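The chain contents come next:
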Amino acid sequence: MTTTLPQDTQYPWWITHAPDRARPYLLLARLDRPIGTWLLLLPCWWGAAVGAQVEAALLPNLWHMLLFAIGALIMRGAGCAFNDLIDKDIDAQVARTRNRPLASGQLSQAQGLAFVIALSLLGLIILLQFNALTVWLGISSLALVAAYPFMKRITWWPQAWLGLAFNWGALLGYTAATGELGWPMLWLYMAGIFWTLGYDTIYACQDVEDDALVGVRSTARLFGDDVPVWVARFFAASGLYLLISVLLTATPVLLSAVLLAVPALMFRGQVQALQGPTPNHLALFRGHRNIGLVIFLCLWLA
């Protein structure tokens, strides 16, 4: 079945000019929305930057950073396709997601499953380029990824589970650079989890009404009018854990505080926007690509 793109939605050129047979797969992998790939990639780069500090390297390993970029693109696509396989019936009932390829019938479940398997094998090829510890850590993340689509059915905190899965790359980036586990890596992972709790709560605010109708749970529904308060707490925790991670690399306290003041101000701006009368939740969510890039730069300069 071919894909007709809605006229009221803007798509990047690689979607609009793609062959008609390929377009549903590109949409299934969310290649029209690169923000998700960035949010999966950036913790990998954070880990690479902190690992480089521990190893006293001038730069993070550029080859590793390229591999992580390719891997994030592939595995984010696999994760989205798997999520859509599980959520096909729910997606069909939600205005924002009813046109997704599986929910709308543009692709069959068998085609979706084959796509997930193909992308996962490509991701494994990328993962095998790293050291053994990083490879086993990467494989162990599959349990988190596989369980995520079910969390919205059994807990009000699916955003926390997403944080566990999406920030696993911080562990991979660190171990790829150092060949071992370490305390800076663990605190960095915690920082990423709270970062995700913040931005994905913001993202979930878009679907509060539809989620209530179909029985899907989220922190946005749980917190209600207190979303800005909780997001502020999550971002404060993320900033604190980032600071601890940097300090554990023997970076001077003053330099660490000055550098991390920049993303802290960006977090503050997000909370202030949330407290406004008509916050643009999607724009705020997308702004976390820039926040994550700034954090990476700060971790590299520390």
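Everything numeric in this text was worked out from a predicted model, so none of it was measured.

K.L.:
Looking at this structure, how should I read the pattern of salt bridges?
P.N.:
A side chain of one charge can pair with a side chain of the opposite charge if their charged atoms are brought near each other. In total, this model carries 8 salt bridges according to the counting rule given. Of the charged contacts, one joins Asp 87 and Arg 153 as a salt bridge, the two residues approaching to 2.9 Å between their closest N and O atoms. Note that Asp 87 is positioned in the loop between α4 (62–86) and α5 (88–91) and Arg 153 in helix α8 (residues 142–154), a separation of 66 residues in sequence. A residue is classified by how much of its surface remains accessible, and Arg 153, at 33% relative accessible area, is partly exposed. With its nearest N and O atoms 3.5 Å apart, the salt bridge here joins Arg 100 to Asp 91. Take Asp 91: its relative accessible area is 6%, and that puts it in the buried class. Bridged by salt links that share partners, the residues Arg 30, Asp 84, Asp 91 and Arg 100 form one connected network.

K.L.:
Honestly, the packing of aromatic side chains in this entry has me stumped. Any pointers?
P.N.:
Between two aromatic rings, the relevant description is the distance of the centres plus the angle of the planes. For the structure shown, the criterion picks out 19 aromatic pairs. Plain terms: the ring middles of Phe 194 and Tyr 241 are 5.6 Å apart, the flat faces sit at 55° to each other, and that makes the pair tilted. In this pair, Phe 194 sits in helix α11 (residues 183–204) while Tyr 241 sits in helix α14 (residues 227–247), placing the two residues 47 residues apart along the sequence. For the pair Phe 194 and Tyr 241, one class covers both residues: buried. Within the aromatic cluster, the residues linked to one another by ring pairs are Trp 157, Trp 187, Phe 194, Phe 223, Trp 230, Phe 234 and Tyr 241. When the ring centre of Trp 230 is taken as origin, the NZ or CZ atom of Arg 233, which lies over that ring, is 4.7 Å away. The ring of Trp 38 has Arg 289 sitting right over it, with the charged end atom 5.9 Å from the ring centre.

K.L.:
Just checking my understanding: could you explain the packing of helix α15 (residues 253–274) against helix α17 (residues 288–301) for this structure?
P.N.:
Geometry of a packed helix pair, given as the angle between the helix axes and the separation of the axes. Running from amino to carboxyl end, α15 crosses α17 at an angle of 175°, the nearest separation of the two axes being 9 Å. For the element pair α15 / α17, the angle class is roughly antiparallel. Together, Leu 255, Leu 259, Leu 260, Val 262, Pro 263, Met 266, Phe 267 and Gln 270 of α15 and His 288, Asn 290, Ile 291, Val 294, Ile 295, Cys 298 and Leu 301 of α17 make up the contact between the two elements. For the contact of α15 with α17, the class distribution of residues is 12 nonpolar, 3 polar and no charged.

K.L.:
Whenever I open this one, the packing of helix α3 (residues 35–54) against helix α10 (residues 169–178) confuses me. Can you help?
P.N.:
It is the contact of α3 with α10, at a shortest axis distance of 6 Å, that shows an interaxial angle of 35°. α3 and α10 meet at a crossing whose hand is right-handed. Contacts between α3 and α10 involve Pro 43, Cys 44, Gly 47, Ala 48, Val 50, Gly 51, Ala 52 and Val 54 from the first element and Gly 169, Ala 170, Gly 173, Tyr 174, Ala 177 and Thr 178 from the second. When its residues are assigned to classes, the contact of α3 with α10 shows 9 nonpolar, 5 polar and no charged.

K.L.:
Help me understand α15 in this model?
P.N.:
One turn of the α-helix equals 3.6 residues, which is why residues spaced by three or four share an orientation. Taking 1.5 Å per residue as the helical rise, α15 with its 22 residues ought to reach 32 Å, and the 31 Å between its terminal C-alpha atoms agrees with that figure. Bending of α15 peaks at approximately 35° at the position of Ala 261, with proline Pro 263 no more than four residues after it. Where α15 is buried, its residues contact α11, α14, α16 (281–286) and α17.

K.L.:
What exactly am I supposed to notice about α8 here?
P.N.:
With 13 residues, α8 ought to run about 18 Å at 1.5 Å a step, and its terminal C-alpha atoms sit 19 Å apart, in line with that. Among the residues making up α8, those that are buried are Leu 144, Ala 147, Tyr 148, Pro 149, Met 151 and Lys 152.

K.L.:
Explain the state of the cysteines to me, please; I cannot follow it from the model alone.
P.N.:
Two cysteines form a disulfide when their sulfur atoms are joined by a covalent bond. Inspection of every chain in the model, using the stated rule, returns 0 disulfides. Of the cysteine sulfurs around Cys 80, a residue in no disulfide, the closest is that of Cys 44, at 15 Å. Cysteine Cys 205 shares no disulfide, and the gap to the nearest cysteine sulfur, in Cys 80, comes to 20 Å. Residue Cys 205 is classed as buried on the basis of its relative accessible area of 17%.

Rules behind the numbers
- Residues numbered from 1 in each chain as written.
- Predicted model: local features only at pLDDT ≥ 70, side-chain atom pairs only at ≥ 80, totals over all residues.
- Heavy atoms only, no water.
- Salt bridge = Lys/Arg side-chain N within 4 Å of Asp/Glu carboxyl O.
- Helix = DSSP H or I, 4+ residues; strand = E, 2+ residues; numbered from the N terminus.
- Buried < 20%, exposed > 50% of the residue type's maximum accessible area, 1.4 Å probe, protein only.
- Phe/Tyr/Trp six-rings, centres within 6.5 Å; stacked < 30°, edge-to-face > 60°.
- Lys NZ or Arg CZ within 6 Å of the ring centre and 35° of its normal.
- Axes fitted to C-alpha atoms, helices over the stretch in contact; angles between N-to-C directions.
- Parallel < 35°, antiparallel > 145°, perpendicular 65-115°, else oblique.
- Contact = heavy atoms within 4.5 Å.
- Nonpolar A, V, L, I, M, F, W, Y, C, P; charged D, E, K, R; others polar.
- Left-handed = near helix turned anticlockwise from the far one by under 90°.
- Expected span 1.5 Å × (residues − 1).
- Bend = angle between axes of the 7 residues up to and from the residue.
- Disulfide = S-S within 2.5 Å.

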